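As a plain string of letters, each chain reads:
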Amino acid sequence: MLEANRQFNEGMHADPSKLGFRLNLSRAYLVYILIVLAILIPLSAILHQPLANIDPHISILGAMIITAVIFIGFNFSLQNER
């Protein structure tokens, strides 16, 4: 615990094993997937009709941006745990 405190005071990320817990990566993936689906499914249901009537290029760009946000978001959530 003293080493984790020293790391924190020096502005470094504290090693989770020093704090007495380990990150279960499979559980973290599962929880993140459930959160993303809870947001995307209702959003897709609401926006499906308007997006079906516009230029497909806009939908493709939107899908690329959403995919990037999902992967970037998971990386940020993991960095806060480490």
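Residues numbered from 1 in each chain as written. Predicted model: local features only at pLDDT ≥ 70, side-chain atom pairs only at ≥ 80, totals over all residues. Heavy atoms only, no water.

Another aspect to go through is the overall build of the protein. In terms of regular secondary structure, the protein is built from four helices and zero strands. The N-to-C order of helical and strand elements in the protein reads α-α-α-α. A buried classification covers 11% of the 82 residues belonging to the protein. (Helix = DSSP H or I, 4+ residues; strand = E, 2+ residues; numbered from the N terminus. Buried < 20%, exposed > 50% of the residue type's maximum accessible area, 1.4 Å probe, protein only.)

The subject of this paragraph is helix α3 (residues 25-52). At Ile46, α3 is bent by approximately 40°, the largest bend along its length, and proline Pro50 sits one to four residues beyond. When we look at burial in α3, the residues that qualify are Ala28, Tyr32 and Val36. (Bend = angle between axes of the 7 residues up to and from the residue.)

The subject of this paragraph is a nonpolar patch on the surface. Taken together, the side chains of Leu43, Ile46, Leu47, Leu51, Ile54 and Ile58 make up a nonpolar region of the molecular surface, amounting to roughly 520 Å² of accessible area. Per-element accounting of the nonpolar patch gives the leading share, four residues, to α3. Here Ile54 lies in the loop between α3 and α4 (56-81). On the basis of relative accessibility, which here comes to 36%, the residue Ile54 falls in the partly exposed class. (Patch = residues over 30% accessible without salt bridge, like charges linked within 9 Å, V, L, I, M, F, W, Y side chains within 5 Å. Areas by Shrake-Rupley, 256 points an atom, 1.4 Å probe, with all protein chains shown as cover. Salt bridge = Lys/Arg side-chain N within 4 Å of Asp/Glu carboxyl O.)

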